[in-house]
Amino acid sequence: MKRQPKTREIAAALALRGRREMSDLLNAAPPYRMLTQNQRAPEALTKPPKAIVKGDKAYGAALLGGRFALAGEIVEIPEEDSVWDRTAPSKRFAESLHRFDWLADLLAVEDPEAPLMARRLADDWLTRFGKWNWFSWEPHILEGRLWAWMMASETLFSAGDENTPKRLKSAVRQTLRLSRCLSLMPQDKARLFAAITLRLAMLTLDLPAGLQARSQAALDAELTAQLLPDGGHASRNPRVAADVLIALVVLDQAADARGVTLSAEVSRAMDRAAAFIRFCRLPSGGLCVFHGGDEGDSRAIETALKHVGGGEGRGFNVAPHSGYNRVQAGGAVLIMDSAGPPKGPHSADVHASALAFEFAAPGGRLVVNCGWSEDQPRTWREAVRATAAHSVLTLEETSSTRLLAQGWQRSLLGPRVASGPEPVKARRNEEDLGVWLEASHEGYRRDFGLSLRRRLFLASDGGDLRGEDSLFRPVEDGAPDNPELRYRFSIRFHLHPSVRASLSRDSLSALLVAGNGDGWRFRTDGGPVRLERSVYLAAGGKPERSTQLVVSGEAEPYGAGERPPNRVRWAFQRLGRVGAAG
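Residues numbered from 1 in each chain as written. Predicted model: local features only at pLDDT ≥ 70, side-chain atom pairs only at ≥ 80, totals over all residues. Heavy atoms only, no water.

Glancing now at the packing of aromatic side chains. Both the distance between ring centres and the angle between the ring planes are used here to describe each pair of aromatic rings. In total, this model carries 26 aromatic pairs according to the counting rule given. For the ring pair Trp 570 and Phe 572, a centre distance of 5.9 Å and an interplane angle of 75 degrees mean the geometry is edge-to-face. By relative accessible area, which is 0% here, Phe 572 ends up buried. Of note, Arg 145 hangs over the ring of Trp 137, and the distance from its end group to the ring centre comes to 5.9 Å. (Phe/Tyr/Trp six-rings, centres within 6.5 Å; stacked < 30°, edge-to-face > 60°. Buried < 20%, exposed > 50% of the residue type's maximum accessible area, 1.4 Å probe, protein only. Lys NZ or Arg CZ within 6 Å of the ring centre and 35° of its normal.)

Let us now look at a nonpolar patch on the surface. On the surface, Met 22, Leu 25, Leu 26 and Trp 134 cluster together into a nonpolar patch covering about 420 Å² of accessible area. Here Leu 26 is to be found in helix α1 (residues 7-27). (Patch = residues over 30% accessible without salt bridge, like charges linked within 9 Å, V, L, I, M, F, W, Y side chains within 5 Å. Areas by Shrake-Rupley, 256 points an atom, 1.4 Å probe, with all protein chains shown as cover. Salt bridge = Lys/Arg side-chain N within 4 Å of Asp/Glu carboxyl O. Helix = DSSP H or I, 4+ residues; strand = E, 2+ residues; numbered from the N terminus.)

Right, let's talk about helix α3 (residues 57-64) for a bit. You can read the cap of α3 off the contacts: a side-chain oxygen lies 2.9 Å from the backbone nitrogen of Ala 58, and it is on Asp 56. Count one or two residues on from α3 and you reach Gly 66, which has phi positive near 85 degrees. (Polar contact = N/O pair within 3.5 Å; in protein donor to acceptor, adjacent residues only side chain to side chain.)

On to the packing of helix α6 (residues 113-129) against helix α9 (residues 164-181). As a packed pair, α6 and α9 sit with axes 11 Å apart at the nearest point and diverge in direction by 60 degrees. One finds that α6 runs oblique with respect to α9. When you trace α6 past α9, the crossing you get is left-handed. Of the residues in α9, those in contact with Arg 119, Asp 123, Trp 125 and Leu 126 of α6 are Lys 166, Arg 167, Ser 170 and Gln 174. Among the residues making up the contact of α6 with α9, the classes are represented as two nonpolar, two polar and four charged. (Axes fitted to C-alpha atoms, helices over the stretch in contact; angles between N-to-C directions. Parallel < 35°, antiparallel > 145°, perpendicular 65-115°, else oblique. Left-handed = near helix turned anticlockwise from the far one by under 90°. Contact = heavy atoms within 4.5 Å. Nonpolar A, V, L, I, M, F, W, Y, C, P; charged D, E, K, R; others polar.)

Strands sit in the order β11-β12-β13-β14-β21-β18-β17-β16 across an open sheet of eight strands; the sheet is antiparallel. Pairing within the sheet leaves two strands with one partner each, and these edge strands are β11 (425-430) and β16 (500-503). Each strand of the sheet is rotated relative to its neighbour by a mean of 15 degrees, with strand direction disregarded. (Pairing = 2+ DSSP bridges.)

A cluster of acidic residues, Glu 79, Glu 80, Asp 81, Asp 111 and Glu 113, forms a negative patch on the protein surface. Considering the arrangement of structural elements, one finds Asp 81 in the loop between β2 (73-76) and α4 (91-98). By relative accessible area, which is 39% here, Asp 81 ends up partly exposed. (Lys, Arg positive; Asp, Glu negative; His and termini not counted. Charge placed at Lys NZ, Arg CZ, Asp CG, Glu CD.)

A word on the packing of helix α7 (residues 139-151) against helix α10 (residues 189-204). Two elements in contact, α7 and α10, have axes whose closest approach is 9 Å; the angle formed by their N-to-C orientations is 40 degrees. Between α7 and α10, the interaxial angle falls into the category oblique. Every pair of crossing elements has a handedness; the one defined by α7 and α10 is left-handed. Contacts between α7 and α10 pair His 140, Glu 143, Leu 146, Trp 147, Met 150 and Met 151 from the former with Ala 190, Phe 193, Ala 194, Ile 196, Thr 197, Leu 200, Ala 201 and Thr 204 from the latter.

Along the chain, Ala 12 turns up in helix α1. Residue class for Ala 12 comes out partly exposed when judged on its relative accessible area of 44%. As for Ala 12 and Pro 186, which are separated by 174 residues in sequence, their C-alpha atoms are 9.8 Å apart.

With that settled, consider the side chain of Thr 387. Looking at the element boundaries, Thr 387 is found in the loop between α15 (381-385) and β8 (393-395). Polar side-chain contacts of Thr 387 include one of 3.0 Å to the backbone oxygen of Ala 352. Polar contacts involving the side chain of Thr 387 include one to the main-chain amide nitrogen of Ser 400, which spans 2.9 Å. If we ignore the near neighbours within four places in the chain, the residues touching Thr 387 are Ala 352, Val 392, Leu 393, Thr 394, Thr 398, Ser 399, Ser 400 and Tyr 444.

Across all of its chains, the model carries 40 salt bridges by this definition. In this structure, Arg 466 engages Asp 464 in a salt bridge whose closest nitrogen and oxygen atoms are separated by 2.8 Å. Here Arg 466 falls in the partly exposed class, since its relative accessible area comes to 44%. Here the residues in one salt-bridge network are Arg 427, Glu 438, Arg 453, Arg 455, Glu 468, Glu 562 and Arg 569, joined through shared partners.

Everything listed here is a matter of geometry and, on its own, says nothing about what the molecule does.
Here it is in structure tokens:
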């Protein structure tokens with residue numbers, strides 16, 4: 001379905017950009033900053049908030065040596081130089097640097113030099129950019145930096161440091177600026193995190209009650225607008241929902257420490273998000289990988305879930321608002337994307353993953369999607385959004401969801417969805433023998449006249465996953481113009497990097513060995529199976545090499561998809577332990 005931006009969307013984006021530019025122009029004037037950012041700063045913090053997400057010691061040790069690895073790029077800083085004086089290799093690197101995304105990693109290092117370096121870098125930033133800077137005071141960068149400073153309160157705002165008053169004063173100024181520019185941000189995930197950060201900063205810095213009330217109202221409004229009734233985020237990204245839950249738990253703990261009661265909306269949001277995160281977790285404890293997300297921080301997720309509680313009851317199997325189906329049997333978990341992409345600003349990071357699935361057994365993840373992580377090089381971003389980067393059928397190497405082409409609309413609105421696979425339909429049937437999922441989408445109907453239907457069945461013991469992919473021509477479309485045409489398709493099953501695969505002699509099946517040595521057999525009636533290279537980006541760090549199983553064919557432009565070549569059947573069946581853990 002075509003989704004060209006409407007005139008009102010373009011007008012709203014232009015108006016928002018104009019307001020942002022006017023606000024920046026005003027803030028560049030010192031008198032205006034004095035009027036809007038003049039507020040008493042506390043002498044010290046009585047109850048610093050506690051971080052749930054811990055930094056990476058390896059990254060922190062590299063930072064101590066002057067090696068900044070941010071947004072998939074690396075910059076080496078000699079001891080006598082300052083990172084703030086170096087030209088950043090990319091905008092993403094500069095954003096991560098000015099957001100202080102590296103601060104938690106640095107402070108995770110058990111070295112007395114680490115807190116000294118953290119304070120020195122913060123003070124150097126204040127010297128260069130502390131009053132105003134067009135780039136580093138952008139709302140989404142300001143939000144990240146303020147959150148990082150709050151999580152590092154015990155280091156940056158320690159009572160015995162002579163520069164603590166200066167840092168506290170800056171933190172107050174940044175909080176007041178964020179309060180004024182929150183409404184100038186697009187209503188996407190960045191604005192929600194900015195609202196959470198603003199509420200935490202107001203609380204931590206003990207700002208006046210009127211400001212605190214306004215920050216709470218802003219947070220309630222964003223939670224109502226962006227958190228779906230089933231607990232997922234409007235972006236359909238499970239990692240975003242997990243990060244929202246973690247941030248809200250940090251805020252809730254900080255409020256408890258100060259004897260402050262947050263709104264009922266925050267409590268409801270935590271309960272809903274916790275239920276959705278339990279829905280999205282795989283046996284390893286990490287999240288399923290869809291729509292720009294990665295596996296997440298399992299330890300932080302577990303901590304947040306324990307704080308919320310309420311996980312003793314039976315979870316749900318369908319997330320209707322977020323658009324996912326979950327089947328759990330015999331310790332195995334199958335999660336399927338059974339909806340189209342969201343609309344508006346929330347579609348700027350979505351993937352063309354309709355009808356894709358992930359499958360994990362007690363021995364680890366087996367079938368995955370390529371995924372994404374903000375730590376990865378930007379050169380991968382567009383490629384992993386394509387349908388081919390997911391475990392689903394691709395027709396003529398074309399994505400089922402198309403993005404805005406390069407041009408002024410994309411520059412204004414971002415890489416949003418231009419056309420989607422709607423309608424996406426799904427239904428579920430539970431039997432004693434197992435659970436059936438059936439879903440379809442029409443992402444290829446307009447260009448090729450064919451719709452895609454996928455049927456999945458997971459047996460009750462979790463050891464037999466069967467599937468059927470069909471391309472069919474809707475009856476109401478009539479006969480095709482050229483019945484002799486053939487459309488090339490490929491069904492891809494991306495395997496987790498821990499899985500080893502080998503083909504049978506006839507290339508109609510493959511032996512898979514999971515990381516713990518459990519064996520699985522993949523079979524198909526759709527012709528030869530190929531092993532091809534793939535990549536996994538969802539574990540963070542460097543891209544990991546992996547393998548994909550590919551079944552290809554040529555579809556006819558007509559028919560109901562009930563027979564070959566327009567129908568392909570396949571199965572993953574557990575064999576038991578066949579090898580040593582890899």
